[in-house]
Amino acid sequence: MTSYSSTSGRYPEGGSFFKSMFDAHVLGEPAVCAVPRSGVTAVADVLAMKKGVYRTTMDRLNDSTPSDKPIVWDPMPMEGGRHVLKFGGSVDVMTEEQLTAALSKYEGK
């Protein structure tokens with residue numbers, strides 16, 4: 001995200017987060033977007049996959065985005081919850097209740 005924003009002067013587009021990152025050549029390996037990693041080799045394959053792809057915020061990101069806003073998270077709960085990347089750069093494991101509360105607090109606002 002830091003590399004993308006310093007290169008482009010803005011943050012990736014909400015709802016097309018990974019496509020924005022690929023288009024800007026910040027992410028070079030499509031398989032990093034699939035959970036678990038599969039034989040994905042093209043951005044189109046990642047975007048066409050519904051199951052197994054990290055979920056991302058639909059909101060536009062900017063300098064006023066709260067640092068604890070979830071922006072990328074596991075598509076399915078794992079042991080102990082979901083891994084959640086927050087705008088400030090931290091990754092936390094959140095229970096379904098915690099993620100739901102955080103999305104309710106920030107998403108679409």
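Residues numbered from 1 in each chain as written. Predicted model: local features only at pLDDT ≥ 70, side-chain atom pairs only at ≥ 80, totals over all residues. Heavy atoms only, no water.

J.: Mind showing me how you'd approach the pattern of salt bridges here?
T.: Side chains bearing opposite charge may pair, as long as their charged atoms lie close to each other. As enumerated under the stated definition, the model contains four salt bridges in all. The partner of K69 in a salt bridge is D59, with the nearest N and O atoms 2.9 Å apart. Taken together, the residues span a long stretch of sequence, with K69 in the loop between β1 (55–56) and β2 (70–73) and D59 in the loop between β1 and β2 at a distance of ten residues. Residue classification places K69 among the buried residues on the basis of a relative accessible area of 4%. For D59, a relative accessible area of 13% corresponds to the buried category. For E96, the salt bridge identified is with R82, shortest N-O distance 2.5 Å. (Salt bridge = Lys/Arg side-chain N within 4 Å of Asp/Glu carboxyl O. Helix = DSSP H or I, 4+ residues; strand = E, 2+ residues; numbered from the N terminus. Buried < 20%, exposed > 50% of the residue type's maximum accessible area, 1.4 Å probe, protein only.)

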